[in-house]
Amino acid sequence: MERRQFVQMGSGTTVLGLMLAAGLIPQTAAAQTAYNKAAFEGKTLNDVVKALGGATPTLSADVLLSVPEIAENGNVVRIGASSTNPAVTQIALLIEKNPAALAAVFDVPAGTDANFSTNVKMGQSSNVYAVAKMGDKYVYAVKEVKVTLGGCGG
Amino acid sequence: MAEPMRIRAQAQGDKITVRVLMSHEMETGQRRGADGKAVPAHFIQSVSATYAGKTVMNAQWGPSISKNPFVQFSFKGGKAGDKVEVNWIDNKGDKRTDEAVIT
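Not measured: the values here are computed from a predicted model.

> I would appreciate a short explanation of the pattern of salt bridges in the present structure.
Inspection of the entire model under this criterion finds 10 salt bridges over all chains. Here Asp113(A) ties to Lys76(B) by a salt bridge, and the two come within 2.8 Å at their closest N and O atoms. With one member in each of two chains, Asp113(A) in the loop between β6 (102-107) and β7 (115-120) and Lys76(B) in strand β5 (residues 70-76) form a pair that bridges those chains. What makes Lys76(B) partly exposed here is its relative accessible area of 48%. Connected through salt bridges with shared partners, the residues Asp113(A), Lys15(B) and Lys76(B) form a single ionic network.

Below, the structure written as structure tokens:
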């Protein structure tokens, strides 16, 4: 194209564009991605996985879920989820009967094990799901946890 | 929020296991206070950890995570004597960063 046209294009760069390039806008500076509000509002396993960007998940022995059979205190239930499959890039934990079913989503950066443990609140006895993003697919494991004292303040 | 995170990072060869205990209410927004009104939601939404400038853990949390959250994760390629940094940001924009030396 004509040099004059090219120069005019260059001077049309917006301030926003320049700021993005300079890393002055928080999104580019932080390693954190935008909070996936839709996923955290999902009520069912399928809703959550859809909000995470996947299709209906399938049961898989590649995902290991470690939960107590009976939780004495619903306020603090230790859950562990892991997978040795190298294609896993994300692991999510869901408490089916909680008002907010999705408890956590862990990314698996290269070099990090797909193995996470945390404590969750369970309002009542419920199925707990560990969902893993394996390549393009979403797969899951599920176990039931019985809760003797509910943990959401209700 | 005021209290520092308790971070324990241990090396087994080049595999580093990190356990973190954070201080945070993790209020769901469902609970009713003494006045009968729902206590507003106040919970950590975003957690991450870095080692040698690289992100080794990155998670998004919801209000189902317990009060004073615990998390454990592990990564390869670390060594004793180096530092791991853990950060969190909550739904009100409050944040905290703490670090620990790998033992």
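> What am I meant to see in the environment of Pro57(A) here?
Residues and elements named next belong to chain A. Mapped onto the fold, Pro57 is located in the loop between α5 (45-52) and β1 (58-59). Distance in space between the C-alpha atoms of Pro57 and Val67 is 20 Å, their sequence separation being 10 residues. In this view, Pro57 contacts Leu45, Asn46, Val49, Tyr138, Val139 and Tyr140; residues no more than four positions away in its chain are not counted.

> Looking at this structure, I do not really get unusual backbone geometry. What am I missing?
Excluding glycine, residues mostly carry a negative phi; peptide bonds, for their part, are mostly trans. Residue and element names in this part refer to chain B. With a phi close to 50°, Met26 is a non-glycine residue in the positive phi region. Take Met26: it is sitting in the loop between β2 (15-21) and β3 (44-51). Despite not being glycine, Asn68 shows a phi value in the positive range, around 50°. A residue is classified by how much of its surface remains accessible, and Asn68, at 33% relative accessible area, is partly exposed.

> Sorry if this is basic, but what is going on with the interface of chain B and chain A here?
As a measure of interface size, the accessible area lost when the parts come together is often cited. In this assembly, 32 residues from chain B lie in contact with 34 residues from chain A. Carbon and sulfur atoms make up 44% of the area that chain B and chain A hide from each other, which totals about 2,600 Å². Ranking the residues of chain B by area buried against chain A places Asn58(B), Gln60(B) and Ser64(B) at the top, with a combined share of 27%. Across the contact surface, chain B and chain A share 23 residue pairs in polar contact (both at pLDDT 80 or more). Put simply, the parts of the chain that give the side of chain B that touches chain A at least two residues each are β3, β4 (54-61) and β5 of chain B. The leading source of residues in the side of chain B that touches chain A is β4(B), at eight residues. Residue composition of the side of chain B that touches chain A, by class: 14 nonpolar, 13 polar and five charged. Summarising the sheet, β7(A) and β5(B) pair through two bridges and their orientation is antiparallel. Among the inter-strand pairings, Ser117(A) is bridged to a residue of β5(B), identified as Gln72(B).

> Would you mind going over the packing of aromatic side chains with me for this structure?
Describing an aromatic ring pair means giving the distance of the ring centres and the angle of the ring planes. Residues and elements named next belong to chain A. Applying the stated criterion across every chain, the model contains four aromatic pairs over all chains. Judged by centre distance (4.8 Å) and plane angle (5°), the rings of Tyr35 and Phe40 are stacked. Judged by relative accessible area, which is 23%, Tyr35 ranks as partly exposed. You can call Phe40 buried: its relative accessible area is 7%.

> Help me understand the sheet that holds β7(A), please; the structure alone is not making it clear to me.
The strands making up a sheet associate through hydrogen bonds between their backbones, and the pairing can be parallel or antiparallel. Judged by pairing direction, the sheet is antiparallel, and its six strands sit side by side in the order β2(A)-β4(A)-β7(A)-β5(B)-β2(B)-β1(B) without closing on themselves. The open sheet has two free edges, formed respectively by β2 (64-66) of chain A together with β1 (6-12) of chain B, since each of these has just one partner strand. On average, each strand axis in the sheet is tilted by 15° relative to the strand beside it, whichever way the strands run. Bridge count for β1(B) against β2(B) is seven bridges, and the pairing is antiparallel. Along β2(B), the bridge assignment pairs Ala9(B) with Val18(B).

The rules behind each value
- In every chain, residue numbers begin from 1 and rise along the written sequence.
- Naming scheme: in the order in which they are written, chains are lettered from A and ligands are numbered from 1.
- For a predicted model such as this one, the threshold for reporting local features is a pLDDT of at least 70, and the threshold for listing and counting side-chain atom pairs is 80 or more; totals across whole chains, interfaces and linings nevertheless cover every residue.
- Computation of side-chain values: all heavy atoms of the structure, hydrogens and water removed.
- Basic side-chain nitrogens of Lys or Arg form a salt bridge, by our definition, when they fall within 4 Å of a carboxyl oxygen of Asp or Glu.
- Only DSSP runs of H or I with at least four residues qualify as helices, and only runs of E with at least two residues qualify as strands; both kinds are numbered from the N terminus onward.
- When accessible area is computed with a 1.4 Å probe and restricted to protein chains, residues below 20% of their type maximum are described as buried, those above 50% as exposed, and intermediate ones as partly exposed.
- Two residues qualify as a contact provided that any one of their heavy atoms is within 4.5 Å of a heavy atom in the partner residue.
- Note on definitions: buried area is the accessible-area loss of two parts on being combined, 1.4 Å probe, summed for both.
- Between N or O atoms, a polar contact is any pair within 3.5 Å; within protein, one atom must be a potential hydrogen donor and the other a potential acceptor, and residues adjacent in sequence are included only when both atoms are from side chains.
- As a working rule, the residues Ala, Val, Leu, Ile, Met, Phe, Trp, Tyr, Cys and Pro are called nonpolar, Asp, Glu, Lys and Arg charged, and the rest polar, with Gly in that last group.
- If DSSP finds at least two bridges between two strands, the strands pair.
- For Phe, Tyr and Trp, where Trp contributes only its six-membered ring, two rings pair if their centres lie within 6.5 Å, and the inter-plane angle classes them as stacked under 30 degrees, edge-to-face over 60, or tilted in between.
- Where helices are involved, their axes are fitted lines through C-alpha atoms of the stretch in contact, as for all axes, and angles between N-to-C directions lie from 0 to 180°.

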